[in-house]
Amino acid sequence: MYKLKEFKIKWGMVIDLDKCTGCGACMISCQAENNMAPMPDATDKMYSLTWMLVYRLTNGKSFPDHDVAYLPRPCVQCGNPNCVPVCPVIATTKDEEGGIVSQISPRCIGCRYCMAACPYHSRYFNWHDPVWPQGMEKTLTPFTSTRPRGVVEKCHYCHHRFKAAKEKARYDGRDPMKLGEDDYIPACAENCPTGAITFGDLKNPEHKVAQLAKSPYAFRLLERLGTDPQLYYMSKREWVRRQGDNYLEHEPTKGV
């Protein structure tokens, strides 16, 4: 039986939806950093592959009261992940310090039980062998592998950057388990032009992400399912926070 594991470090994100413009830089950064080949038909969302997806939200009102927000959604890195216990070959785990849910492609048999179990639809099946246009293969990130067709993929907070940060800390004579706020940053957070994505250790009060996660405007997707995501969102707009969970009409929204 799967048992929850407590970690001294919990890598997490806070995405400020009032800053996000929906530009898609986080999606492109993720695809380039993690060696995702261009899709044969990127408009076919049934078969496309993107670990970070930006959703468009609206308040449903007509002009002049109409309002929109954009919600980037990588893997939410659940503290109590549904995907882990259903995997028959232990291809996805949550056992490394930091609390990142892993995806071990060489073990994956493509059964997609994890996709069915994930309430956030943040896992993707790789339907195609990766093919890069001539010359583009030279831009591949050397620190992360490519994946063949027939396996499930997902965001892992650019785990190769976590390993590199720990190696650098060791080289500098520092404790690799006490990384600074800027030592380890996923590509999406690094390249967000508006600074909407903040990343760090949710358990370290010196990290900005830990402070933002306690904001009265912070919320998590489908929080009442009990999955305990390590991804937080924040917005001062009540209608945005309300769309984070399945509130009944008479229920108050979490937050201010």
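Up top is the structure.
Definitions and limits used
- Residues numbered from 1 in each chain as written.
- Predicted model: local features only at pLDDT ≥ 70, side-chain atom pairs only at ≥ 80, totals over all residues.
- Heavy atoms only, no water.
- Disulfide = S-S within 2.5 Å.
- Patch = residues over 30% accessible without salt bridge, like charges linked within 9 Å, V, L, I, M, F, W, Y side chains within 5 Å.
- Areas by Shrake-Rupley, 256 points an atom, 1.4 Å probe, with all protein chains shown as cover.
- Salt bridge = Lys/Arg side-chain N within 4 Å of Asp/Glu carboxyl O.
- Helix = DSSP H or I, 4+ residues; strand = E, 2+ residues; numbered from the N terminus.
- Buried < 20%, exposed > 50% of the residue type's maximum accessible area, 1.4 Å probe, protein only.
- Polar contact = N/O pair within 3.5 Å; in protein donor to acceptor, adjacent residues only side chain to side chain.
- Contact = heavy atoms within 4.5 Å.
- Pairing = 2+ DSSP bridges.
- Arc of directions from axis to C-beta.

A. Here's a closer look at the state of the cysteines. Inspection of every chain in the model, using the stated rule, returns 0 disulfides. Cysteine C87 shares no disulfide, and the gap to the nearest cysteine sulfur, in C111, comes to 6.1 Å.

B. Region of interest: a nonpolar patch on the surface. On the surface, M46, Y47 and W127 cluster together into a nonpolar patch covering about 330 Å² of accessible area. You can see W127 is positioned in the loop between strand 4 (124-125) and strand 5 (152-153). Taking the relative accessible area as the measure of exposure, W127 reaches 36% and is therefore partly exposed.

C. Local environment of the side chain of T93. Considering the arrangement of structural elements, one finds T93 in the loop between helix 2 (83-86) and helix 3 (113-117). You can call T93 buried: its relative accessible area is 11%. A polar contact of 3.4 Å, which involves the side chain of T93, links it to the side chain of D95. A distance of 2.6 Å separates the side chain of T93 from the side chain of S102, its partner in a polar contact. Filtering out sequence-adjacent residues up to four positions away, T93 remains in contact with V84, I100, V101 and S102.

D. Quick peek at the sheet that holds strand 8 (residues 231-234). Sheet architecture is open: 4 strands sit in the order 6-1-8-7, paired in mixed fashion. Each having just a single partner strand, strand 6 (197-201) and strand 7 (218-219) make up the two edges of the open sheet. The pairing of strand 1 (residues 11-16) with strand 6 spans 5 bridges and is classified as antiparallel. Across the sheet, V14 pairs through a bridge with T198, a residue of strand 6.

E. Fine view of the side chain of Q230. Tracing the chain through its elements places Q230 in the loop between strand 7 and strand 8. Residue classification places Q230 among the buried positions, given a relative accessible area of 1%. Polar contacts involving the side chain of Q230 include one to the main-chain carbonyl oxygen of W11, which spans 2.7 Å. Only 3.4 Å separates the side chain of Q230 from the backbone oxygen of G99, close enough to count as a polar contact. When residues no more than four places from it in sequence are discounted, the contact partners of Q230 are K10, W11, G12, M13, V76, Q77, G79, K94, G98, G99, Y157 and L202.

F. The arrangement of helix 1 (residues 25-33) in detail. Restricting attention to buried positions, one finds in helix 1 the residues C26, M27, S29, C30 and E33. Down the axis of helix 1, the buried side of the element spans an arc of 165 degrees, and every buried residue falls inside it. Directly after helix 1, the chain includes N35, whose backbone phi takes a positive value near 55 degrees.

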